[in-house]
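Below, each chain spelled out in residue letters.
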Amino acid sequence: MNPLARLVCLLVVAGFLSGCMPSSLLDDPGVSLPAKRSKQTYSQEAIDLNDKAVELSTIDQNEAARLYDKALEIDPGYYVAYSNKATLLIGQKNFVDAISCFERLSNLQPQMAESYVGWAYCLHSTGDESEARRRLRFAIAAYNERLKEKPGDPNILINRAMAAYLSGEIELARSEIELVLESNPDSEMAKHLLKAIQAPNNKNDPWNLIFD
């Protein structure tokens, strides 16, 4: 046995003996989330501007963007406007500015998993795969926090598996979805994801599952 193979065997045996085999990405994404922020109140004017922008987002995107900016000028802490503006920018394929929105959004809502997924998508779209995978780890960490409040929630587990799939952990995502389907056999979301994962010779961009 060559030295490298011997070292691997020793590490595996040591893991069994200590009772702590290496955790999967889902159990331990290797990142720590900032502390959860206390609940805040927001300017009603900012809320109204955001709502109006949402109504205009499919009619006049320039005006919608202006209203989001106005809402954030009035209340820089109103994270919903950042989220909506980022979505609008993604639709325009303006990924660089969307990344700025997601960065600010994650500062305001550090445990909002969806912001990390959106951020990762923008990074992926600009070719920064390494940083995209890192943002997905933060998403997984955020989903883990939700699972502490709602253990076994199938929707959270599916979204966490999706984040793993997007980060390239295909077999890990498959195993997780199969477990979800054992207890929730009628979950259409789980079936859809499992079908995508199992598709033979699937060369499609996995991000198309949620952004196309």
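Refer to the structure printed above.
Being a predicted model, the structure only gives us computed values, none of them experimental.

Counting secondary structure elements, the protein contains 11 helices and 0 strands. The helix and strand sequence of the protein, counted from the amino end, reads α-α-α-α-α-α-α-α-α-α-α. Buried positions account for 40% of the 212 residues belonging to the protein. For the protein, the computed accessible surface area is about 12,300 Å², with 51% contributed by carbon and sulfur atoms.

On inspection of all chains with the given rule, the structure shows 5 aromatic pairs. The interplanar angle of 55 degrees and the centroid separation of 5.3 Å between the aromatic rings of Y42 and Y78 together place this pair among those described as tilted. With Y42 in the loop between α1 (3-18) and α2 (44-56) and Y78 in the loop between α3 (61-74) and α4 (79-91), the pair connects residues that are 36 residues apart, well separated along the chain. On the basis of relative accessible area, Y42 is assigned to the partly exposed category, the value being 23%. When its relative accessible area of 6% is taken as the criterion, Y78 is described as buried. Taking 6.0 Å as the distance between ring centres and 65 degrees as the angle between the ring planes, the aromatic pair formed by Y42 and Y79 counts as edge-to-face. Residue Y42 is found in the loop between α1 and α2, and its partner Y79 is found in helix α4; the two are separated by 37 residues along the sequence. For Y79, a relative accessible area of 22% gives the class partly exposed. Among the aromatic residues, those joined into a ring-pair cluster are Y42, Y78 and Y79. For R135, the ring lying beneath its charged end belongs to W119, and the centroid distance is 4.2 Å.

Within the structure shown, the criterion is met by 11 salt bridges. When the shortest N-O distance is used, the salt bridge between E149 and K36 registers 3.9 Å. Of this pair, E149 sits in helix α7 (residues 129-149) while K36 sits in the loop between α1 and α2, and the two are 113 residues apart along the sequence. The same class applies to E149 and to K36, which are both exposed. Taking the shortest distance from any N to any O, the salt bridge between R66 and E63 comes out at 2.8 Å. Taken together, the residues span about one helical turn, with R66 and E63 both in helix α3 at a distance of 3 residues.

So, about the environment of Y82. The residue Y82 is located in helix α4 in this model. For Y82, a relative accessible area of 15% puts it in the buried group. Considering only alpha carbons, one finds Y82 and E103, 21 residues apart in sequence, at a separation of 9.5 Å.

A rise of 1.5 Å per residue sets the reference length of helix α5 (residues 95-108), with its 14 residues, at 20 Å; its end C-alpha atoms lie 20 Å apart and thus fit the reference within 8%. All buried positions along α5 are accounted for by F95, A98, I99, C101, F102, L105, S106 and L108. The inward-facing, buried residues of α5 abut α4 and α6 (113-125).

What counts and what doesn't
- Residues numbered from 1 in each chain as written.
- Predicted model: local features only at pLDDT ≥ 70, side-chain atom pairs only at ≥ 80, totals over all residues.
- Heavy atoms only, no water.
- Helix = DSSP H or I, 4+ residues; strand = E, 2+ residues; numbered from the N terminus.
- Buried < 20%, exposed > 50% of the residue type's maximum accessible area, 1.4 Å probe, protein only.
- Areas by Shrake-Rupley, 256 points an atom, 1.4 Å probe, with all protein chains shown as cover.
- Phe/Tyr/Trp six-rings, centres within 6.5 Å; stacked < 30°, edge-to-face > 60°.
- Lys NZ or Arg CZ within 6 Å of the ring centre and 35° of its normal.
- Salt bridge = Lys/Arg side-chain N within 4 Å of Asp/Glu carboxyl O.
- Expected span 1.5 Å × (residues − 1).
- Contact = heavy atoms within 4.5 Å.

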